[in-house]
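Notes for the structure review
Chain by chain, the residues run as shown.
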Amino acid sequence: MKRLFIALCCACSAGFLPAQTPVYLDDSQPIEARVKDALSRMTLEEKVKLCHAQSKFSSAGVPRLGIPEVWMSDGPHGVRAEINWNDWGYSNWTNDSITAFPALTCLAATWNPEMSAKYGKALGEEARYREKDVILGPGVNIYRTPLNGRNFEYMGEDPYLAATLCVPYIQEVQKNGVAVSVKHYALNNQELWRGHIDVECSDRALYEIYLPAFKAAVQQGGAWTIMGAYNKFRGQHACHNELLLQKILKQDWKFDGVVVTDWGGAHDTYEAAVNGLDIEMGSYTNGLTSESAFTYEDYYLAQSYYNMLRSGKVPMSTIDDKAARILRLIFRTAMNRNKPYGSIVTEEHYAAAREIGNEGIVLLKNALVQKKQSPLLPIVADKYRRILVVGDNATRFLNQGGGSSELKVKDMVSPLEGLRAVYGDKIQYAKGYAAGRPMYGNVEQIPQAVTDSLRAEAVAMAQEADLVILVGGLNKNHLQDCEAGDREDYGLPFGQDELIEALQAVNKNLVLVLLSGNAVEMPWVSKVPAIVQGWYLGSMGGHSLADVLSGKVNPSGKLPFSFPAKLTDNGAHSFDALAYPGDSIKEVYKEDILVGYRWHDTKKVPALFSFGHGLSYTTFSYGKPTASSKTISADGSLTITVPVKNTGTTFGKEVVQLYVGDDKCSVLRPTKELKHFQKIALQPGEEQTVTFTIAPDDLKFYNETLGDWTSEPGKFKAYVGASSSDIRGVVAFELK
Ligand code: GLC
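Residues numbered from 1 in each chain as written. Predicted model: local features only at pLDDT ≥ 70, side-chain atom pairs only at ≥ 80, totals over all residues. Heavy atoms only, no water.

**With respect to the pairing of strand S3 (residues 70-73)**
When strand S2 (residues 58-59) meets S3, the two strands line up antiparallel, connected through 2 bridges. From the neighbouring strand, Ser58 faces S3, where its bridge partner is Trp71. Here S3 runs beside strand S4 (residues 134-135); their pairing, made up of 2 bridges, is parallel. Looking at the pairing, Ser73 lines up with Ile135 of S4. (Pairing = 2+ DSSP bridges. Helix = DSSP H or I, 4+ residues; strand = E, 2+ residues; numbered from the N terminus.)

And the structure:
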């Protein structure tokens, strides 16, 4: 027998018999079999090593088994430049310049799932080419306050819009063998005190407002990783929160992927072990202030976790579950031999960035300057001899700063360059205001003398110009649209309000372009004839802006969040400090489910510009909406049809929105909630009938008594609108 065994081994090693490929290395095997086999071969030390960082942006594999490490990279809008092994510094490589795609607020403003798919495909290809296994995005936290420093990275105030538009992005990224990391799960709706603020909100607000986008990301998007948030929820850190991770994410939603912390988001070994955290990333984790003072072995899910396992303080089942999930992630990404090679800074990616920008830019206002004249937009070149472009944001590299989403780009077409490419030497430029260097830390004070002289120069040139385009807004400085801080007031910074008034006083032909990820106060709104919400548009931003301002592209973006006239018109700012920003320990979401337009509608406090608002260079008429029936049964459905016609002179796209309202309910419900939308393209004179199907789930609310979604029989209304406040037709129906 022994001789036979030796003979067989010789035969195998000599290649005469097929060497048995271990299951975990065999691509033809189902992933679950590979996971099981790999797990059975690993020691406890090797399993624990999988569960924490080995460097700033990587976690360990199993070298002995040829299982590679996991490489992660920011961020949601593009692949961040390479960062050093063990500190936050950039490695200054020369081959990591990439495409900056528009910020996710711009993607949300397209209201177009096709743009989301294009976005995910291009981003996934760039992440794959940069050999990243996890791209740390998309961010889908709900826009609760206009002061949140990171709203620009997220997808607006409505759970249905964010849920619908994050799914194609996720699916397309992951087709490249790159995992997304949907963040920041959950209730991370501000940056002030983000590391510890303990958020309290009702179950209804949790399930109806703050979770739907994450649920869609998992159940429809198939997200392979989720990133836990820094803050606490109901007293427990989100990165090891039993309700959020074990109960809702892994048990109810059946999430089979990996939960990673935000960087430094773990704070307790026992909770991390038993509450469903899988990989601990970050730094300063064990409370030390200097990284050099400790190794990754000091992480909560490292030596101390190993000791707890060995001593039986936590069950071995916890490490097998974590390791299995991490192996599954590795087989889906690093060890997925079928993944494509990817590509970066291709014409296709630039075209996608430009198209997403074109479809996301929102025309807020386009009024006549004088009677019988046409509106200022689109800007017809031969009507003007001298066009003055003003503003720091016309030339600023807005890919820099902002925090972890900042990008190192190969190309970055500024608004000034984009406008010069169309209007040539008609264009003149004046800075108009100064904002200082992109600072992810302290704010650079601009001397008043500088502000005054820049303004005086711009006003003098405006007097001689036929048209003025002010490109302003916010930027990526600390306390602006930037991570780790919130804005401290609702108005435009850097003296822009005074600049707008001064320019308008000398030249009525003023077009204002706001580049930002947040709403701002507009005390001058009645004096400015044309206002465009331009977002952070990325590498092709200047071309997108020029495409829309010149009329080459007819704007079709719609606001993904409301612009309250003043801050206290916003729900979160209608109570006391405990409602926002909290008392530095605790915060209570007192507006509950009435976030954004839900507040404006229900409290009858109109927004200056509404959720879903966006003008066009053409006009659309809506016919009377009709319902397939007057009643809907608990398991039936109802179709609403509405004819929409392009009654203008140019091709255009319109987002037809369907909101549903419950006339009478035993609990408070918003006047109406977005439940469907469709973006349609119409030639002048063309009409299309849009059909929506209302399903029973569209009528439900989260019943806190039952701990489940239910609806109550009675009268409902379907509102068809061009925005949440521009309702073109209402159809009543009854739930039997
Ligand atoms: C940051 C951010 C998170 C980012 C991570 C890595 O603190 O909160 O969004 O992905 O750390 O940079």
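Still more ground to cover, so stick around.
**Examining the site of the ligand**
Of all residues adjacent to the ligand, which total 15 residues, the nearest are Asp74, Arg150, His184, Tyr230 and Asp262. Between an oxygen atom of the ligand and a side-chain N or O atom of Asp262, the distance comes to 2.6 Å. Separating an oxygen atom of the ligand from a side-chain N or O atom of Glu483 is a distance of 3.0 Å. (Near = heavy atom within 4 Å. Polar contact = N/O pair within 3.5 Å; in protein donor to acceptor, adjacent residues only side chain to side chain.)

**Details of the sheet that holds strand S9 (residues 236-237)**
Strands in a sheet are paired, the pairing made by backbone hydrogen bonds, and the direction either parallel or antiparallel. Read from one edge to the other, the open sheet built from 4 strands follows the order S9-S8-S6-S17, with strand pairing classed as mixed. The open sheet has two edge strands with one neighbour each: S9 and strand S17 (586-588). Pairing analysis gives 2 bridges linking strand S8 (residues 232-233) to S9, with the strands arranged antiparallel. By the bridge assignment for S9, Lys232 is matched with His237.

**A short note on the pattern of salt bridges**
Applying the stated criterion to the full structure yields 52 salt bridges. Salt-bridge contacts for Lys132 lead to Glu82; the nearest nitrogen and oxygen are separated by 2.9 Å. In this pair, Lys132 sits in the loop between helix H5 (113-129) and S4 while Glu82 sits in the loop between S3 and helix H4 (104-110), placing the two residues 50 residues apart along the sequence. Residue classification places Lys132 among the buried residues on the basis of a relative accessible area of 5%. Note on Glu82: relative accessible area 8%, which makes it buried. The partner of Asp256 in a salt bridge is Arg332, and the shortest N-O contact between them spans 2.7 Å. Residue Asp256 is located in the loop between helix H9 (242-252) and strand S10 (258-260), and its partner Arg332 is located in helix H12 (residues 316-332); the two are separated by 76 residues in the primary sequence. Looking at Arg332, the relative accessible area reads 16%, which means it is buried. One continuous salt-bridge network, built from bridges that share partners, spans Arg150, Glu153, Glu191, Arg194 and Glu483. (Salt bridge = Lys/Arg side-chain N within 4 Å of Asp/Glu carboxyl O. Buried < 20%, exposed > 50% of the residue type's maximum accessible area, 1.4 Å probe, protein only.)

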